[in-house]
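Observations on the three-dimensional arrangement
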Amino acid sequence: MTNVPFVDFKRQYATLRETLHQAACRVIDSTHYIGGEEVQAFEREMAACLGAQEVCGVACATSGLFAALKCLGIGPGDEVITTVHTAIATAEAISLTGATAVFCDIQKGYFNIDPAEAEKKITAKTRALVPVHLYGQPADMDSFLQLARKHNLLVVEDCAQAQGAKYRGNYVGTMGDAGVFSFFPSKNLGGFGDGGAVIAKDPAVMKKIRMFSNHGRTSKYLHEFEGINSRLDALQAALLRVCLPYLDSWNAHRRLAASWYDAGLQGINSLEYPRVLPGTEPVYHVYVIRVPDREDLQAYLKKQGIETGVHYPYALSTLPAYAHVKDRNGSFPEAEAACAHILSLPMSPAISREEVDFVCSAIKAYFKAS
Ligand SMILES: Cc1ncc(COP(=O)(O)O)c(C=O)c1O
């Protein structure tokens, strides 16, 4: 074996190539590029998959999170608690509303937000919690929903990395007041460009999110309030409709590949592999290990032709973008330690057993030699 890519879109979509081309041509020939039947059909189909009342397609998860928070009434003066170990998009969306993102450390042994730490961050200004189901691993939703009830807070689930994952039998995104999904190409349901979707419990909030994402309009030139342009393209919707029926089998393959990694990496004492919270069904957006010298292992694997990633090398609090926040370096020991030691191994719905075995053998050889 000469090369193991981190993801392999060409292989993933090889069998769908014709159908995808037909879907793209259907939209081009329809001359209907914004909204319309393709978007509505995708929204219906995704809602049916989730068992949700309604789905609103949006331009990306960043704007979807912004729309959800804004339409739930979050704004200036409010504080919203989220994890310090996530994509910047989660915190950006909070800041865009005018509210303050309050960072929280991750749970020891896991990579998701720690509910006990979150409770310590609650103040009179706290209005919402944004748990992120990072790496496709559901966050501890029972604890967050309990916290929300106790302190009268809203819950917006960031499901960008976890479409199809379940927590005690419930799909992520369906437990909070709103749930937001991303169709960024490498996501579990990846599109062919940017895209996202939002669901909300309250139909009135859902209606507002739909309007907000489309300039606050009720009809073409009647705008009830100012919103933004955050619509899902008809072209993306048509392509996503082709992929959606495969999401479950792609996620099942990711779980299978994770089990190959789990077995193949057994016995390396200084390596931690991903732990799964009891009662959850993860979807392994990425498979993240923790090792003493990440840079060294990453360089070694690169030499063997194995592509890896780091999600993420920096806790948000340590970034220049958050130079203004009170709790910075050293405030989030679990997340900061994780950022220094984590490595994401190749993972995709198209990864083969041979590739996973090759990666595991290379890692074993590295640890034997070091
Ligand atoms: C956890 C998380 N939230 C939000 C986003 C933003 O998604 P999008 O790229 O669709 O705006 C991402 C994307 O990387 C993400 O990983």
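Anyway, here's the lowdown on the structure attached to this text. (Residues numbered from 1 in each chain as written. Predicted model: local features only at pLDDT ≥ 70, side-chain atom pairs only at ≥ 80, totals over all residues. Heavy atoms only, no water.)

Section: the overall build of the protein chain
Put simply, the test is: Numbered from the N terminus, helices here are DSSP runs of H or I no shorter than four residues, and strands are runs of E no shorter than two. What the globule rule says is 2.2 Å times the number of residues to the power 0.38, and the radius of gyration is computed from C-alpha atoms. Burial here depends on accessible area, computed with a 1.4 Å probe over protein chains only, as a share of the maximum for the residue type. Under 20% is buried, over 50% is exposed, and the range in between is partly exposed. Residues count as neighbours in contact if any of their non-hydrogen atoms are within 4.5 Å of one another. Note on areas: these come from Shrake-Rupley sampling with a 1.4 Å probe, and a residue is covered only by the protein chains present in the view. Residues scored as charged are limited to Lys and Arg (positive) and Asp and Glu (negative), so that His and the chain ends carry no count. In this description, the location of a charge corresponds to atom NZ of lysine, CZ of arginine, CG of aspartate or CD of glutamate.
The helix and strand tally for the protein chain stands at 13 helices and 14 strands. For the protein chain, the C-alpha radius of gyration of 21 Å lies close to 21 Å, the compact-globule estimate for 370 residues. Viewed in the frame of its principal axes, the protein chain has a C-alpha envelope of about 70 × 55 × 35 Å. For the protein chain, the residues scored as buried account for 55% of the 370 residues in total. For the protein chain, long-range pairs separated by at least 24 residues make up 70% of all intrachain contacts whose partners lie at least 6 apart in sequence. Looking at the protein chain as shown, the accessible area adds up to about 16,000 Å², and 53% of this sits on carbon and sulfur atoms. On the protein chain, the mean spot of the 36 positive side-chain charges and the mean spot of the 39 negative ones are 1 Å from each other.

Focus: the sheet that holds strand S4 (residues 126–130)
Across a sheet, strands are paired by hydrogen bonds formed along the backbone, either parallel or antiparallel in direction. Short version of the rule: Being paired, for any two strands, means DSSP has found at least two bridges between them. Only the contacting stretch of a helix is used when fitting its axis, a line to C-alpha atoms as for every element, and angles between N-to-C directions run 0 to 180 degrees.
Taking strand neighbours across the sheet as the criterion, the seven strands line up as S1-S9-S8-S5-S4-S2-S3 in an open arrangement whose pairing is mixed. The sheet is open, and its two borders are formed by strand S1 (56–58) and strand S3 (100–104), each paired with just one other strand. Strand-to-strand, the axes of this sheet are offset by a mean angle of 25 degrees, without reference to chain direction. Relative to strand S9 (residues 196–200), S1 runs antiparallel, the two sharing three bridges. Directly across from cysteine 56, in S9, lies its bridge partner valine 198.

Side note on empty space enclosed by the protein
The following threshold applies: Residues are called lining when one of their atoms sits within 4 Å of a cavity or pocket point, these points coming from a 1 Å grid over the protein atoms alone, where a cavity is a set in which a 1.4 Å probe fits but cannot get out and a pocket is an open set with protein on both sides within 12 Å along at least five of seven lines. Grid points are joined across faces, edges and corners, and a volume is the space filled by probe spheres set on the points. Residue classes follow a fixed rule: Ala, Val, Leu, Ile, Met, Phe, Trp, Tyr, Cys and Pro count as nonpolar, while Asp, Glu, Lys and Arg count as charged, and any other residue, Gly among them, counts as polar.
Following the criterion strictly, the structure yields one cavity of 30 Å³ or more and no others. What lines the largest cavity is Val4, Pro5, Phe6, Val7, Asp8, Arg11, Ser348, Ala350, Ile351 and Glu355. Broken down by class, the residue content of the lining of the largest cavity amounts to six nonpolar, one polar and three charged.

Looking at helix H2 (residues 17–30)
The condition is simple: The span you would expect from a helix comes to 1.5 Å times its residue count less one. By definition, the arc is the one covered by directions from the helix axis to the C-beta atoms.
Spanning 14 residues, H2 covers 20 Å between terminal C-alpha atoms, matching the ideal 20 Å at 1.5 Å per step. Of all the residues in H2, the buried ones are Leu20, Ala23, Ala24 and Val27. Looking straight down H2, one finds its buried side chains confined to an arc of 95 degrees; they lie on one side. Away from its buried face, by an angle of more than 90 degrees, H2 presents the exposed residues Gln22 and Asp29. For H2, the elements touching its buried residues are helix H1 (9–13), helix H3 (37–50) and helix H9 (234–243).

Quick notes on the environment of glycine 195
Here glycine 195 lies in the loop between strand S8 (178–182) and S9. Between the alpha carbons of glycine 195 and proline 185 there is a distance of 8.7 Å; along the sequence they are ten residues apart. With residues near it in sequence (within four places) discarded, glycine 195 still touches Val58, Ala59, Cys60, Ala61, Phe181, Ser182, Phe183, Phe184 and Leu232.

What about a nonpolar patch on the surface?
The cut-off we apply is this: Here the term patch refers to residues with relative accessible area over 30% and no salt bridge, with like charges joined within 9 Å and nonpolar side chains (Val, Leu, Ile, Met, Phe, Trp, Tyr) within 5 Å. Think of a salt bridge as a Lys or Arg side-chain nitrogen and an Asp or Glu carboxyl oxygen that are within 4 Å of each other.
A contiguous nonpolar patch, built from Ile28, Tyr33, Ile34 and Leu235 and spanning about 370 Å² of accessible area, is present on the exposed surface. With respect to the secondary-structure elements, tyrosine 33 resides in the loop between H2 and H3. Owing to a relative accessible area of 42%, tyrosine 33 belongs among the partly exposed residues under this scheme.

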